[in-house]
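# Descriptive analysis of the structure
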Amino acid sequence: MNAKRLFGSILMMCMLVALGAGCAKKTTDSMPASATKVEISDKDTDWQSKPAPSRSLTEDEMRAQMREQAQRDLGNMIFFAFDSFELTPESRDVLNAKAEAMKKYSLFNIVIEGHCDERGTSEYNLALGERRAKAAQQFLNQLGIPDSRMTIVSYGKERPLEAGKTEASWSKNRRDEFKLQN
């Protein structure tokens, strides 16, 4: 019986060695042609960067998207010097771009809001804010935008963009803002 056990143990070891050799890691060279090689990468793949399949937008959704884009195109502010409603060359460039955007987005009208810094009386700043808004409106008129598409309003010093009692703060508050009309 000892011989049987010895023979069985030898047979078992041979089988283990044979199985171990058969389970060795295969390289891509020894893989069958029909096998698929899997690679792991940390780079984005096409499916990660592609937008989700789009559905047709409703008319309201398209109008909302157009409104958002129009507000981005028309939203840039223009700024003024102290106690002035004269348009600067930079302001004229911004207004030229606004006129082009208004022609592109003919469905929308704008409100031009005139603002001032905190210096001066409320009455004075309301009048100055109105002159600033009118200056922008008149320039846009010259570029072909009719008054019927623009409304002006003055807030004077009532809606500061930046609080503070420095020239840096005041210069940001002397402005015209452009918003789409509701």
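Report on the accompanying structure. Not measured: the values here are computed from a predicted model. (Residues numbered from 1 in each chain as written. Predicted model: local features only at pLDDT ≥ 70, side-chain atom pairs only at ≥ 80, totals over all residues. Heavy atoms only, no water.)

### Overview of the overall build of the protein chain
In terms of regular secondary structure, the protein chain is built from 6 helices and 4 strands. Walking the protein chain from its N terminus toward its C terminus, one meets helices and strands in the order α-α-α-β-α-β-α-β-α-β. Carbon and sulfur atoms provide 57% of the accessible area of the protein chain, an area that totals close to 13100 Å². (Helix = DSSP H or I, 4+ residues; strand = E, 2+ residues; numbered from the N terminus. Areas by Shrake-Rupley, 256 points an atom, 1.4 Å probe, with all protein chains shown as cover.)

### Looking at the pattern of salt bridges
Under the counting rule described, the total for this entry stands at 11 salt bridges. Close ionic contact of Lys 179 with Glu 113 constitutes a salt bridge, the shortest N to O distance being 3.5 Å. Of this pair, Lys 179 sits in strand β4 (residues 175–180) while Glu 113 sits in strand β2 (residues 110–115); the two residues are 66 residues apart in sequence, bridging distant segments of the chain. Its salt-bridge partner being Arg 119, residue Glu 167 comes within 3.6 Å of it at the nearest N-O pair. Pair noted here: Glu 167 is in helix α6 (residues 167–173) and Arg 119 is in the loop between β2 and α5 (122–142), with a separation of 48 residues, a long-range link. (Salt bridge = Lys/Arg side-chain N within 4 Å of Asp/Glu carboxyl O.)

### Observations concerning helix α4 (residues 89–104)
Its 16 residues give α4 an end-to-end C-alpha distance of 23 Å, which sits within 8% of 22 Å, the value for a rise of 1.5 Å per residue. Of all the residues in α4, the buried ones are Ser 91, Leu 95, Lys 98, Ala 99, Ala 101 and Met 102. Viewed end-on, α4 has its buried residues packed into an arc of 165 degrees, placing them on one side of the element. Residues Pro 89, Glu 90, Asp 93, Glu 100 and Lys 104 are exposed on α4 and point more than 90 degrees away from its buried face. In this structure, the buried side of α4 is in contact with α3 (59–74), β1 (78–79), β2, α5, β3 (150–156) and β4. (Expected span 1.5 Å × (residues − 1). Buried < 20%, exposed > 50% of the residue type's maximum accessible area, 1.4 Å probe, protein only. Arc of directions from axis to C-beta. Contact = heavy atoms within 4.5 Å.)

### Digging into the nonpolar core
Counting residues in hydrophobic clusters, the biggest one holds 22 residues, and the most contacted among them are Leu 95, Ile 110, Ile 112 and Leu 140. Of all the elements in the fold, those that place two or more residues in this core are α3, α4, β2, α5 and β4. Residue contributions to this core peak at 5 residues, all from α5. Apart from residues lying up to four places away in sequence, Ile 110 is in contact with Leu 74, Met 102, Leu 140, Arg 149, Met 150, Thr 151, Phe 178, Lys 179, Leu 180 and Gln 181. (Core = buried A, V, L, I, M, F, W, Y, C linked by side-chain atoms within 4.5 Å.)

### Quick word on the environment of Tyr 155
With respect to the element layout, Tyr 155 can be found in strand β3. With 39 residues separating them along the chain, Tyr 155 and Cys 116 place their C-alpha atoms 7.7 Å apart.

### Let's talk about the packing of aromatic side chains
Taken as a whole and judged by the stated rule, the model has 0 aromatic pairs. The residue whose ring lies beneath Arg 119 is Trp 170, and the NZ or CZ to ring-centre distance is 3.8 Å. One residue, Arg 159, lies across the ring of Tyr 155, its end atom 3.8 Å from the ring centre. (Phe/Tyr/Trp six-rings, centres within 6.5 Å; stacked < 30°, edge-to-face > 60°. Lys NZ or Arg CZ within 6 Å of the ring centre and 35° of its normal.)

### Thoughts on the environment of Asn 109
Along the chain, Asn 109 turns up in the loop between α4 and β2. Classification of Asn 109 as partly exposed rests on a relative accessible area of 25%. Along the primary structure Asn 109 and Thr 151 are separated by 42 residues, whereas in three dimensions their C-alpha atoms are 8.1 Å apart. For Asn 109, the residues in contact, after removing those within four places along its chain, are Ser 148, Arg 149, Lys 179, Leu 180 and Gln 181. In this structure the side chain of Asn 109 is engaged in a polar contact, spanning 3.4 Å, whose partner is the side chain of Arg 149. (Polar contact = N/O pair within 3.5 Å; in protein donor to acceptor, adjacent residues only side chain to side chain.)

### Quick look at the side chain of Glu 177
Mapped onto the elements, Glu 177 comes out in strand β4. Exposure remark for Glu 177: the relative accessible area of 13% places this residue in the buried category. Here Lys 179 takes part through its side chain, which lies 3.5 Å from a polar atom of the side chain of Glu 177.

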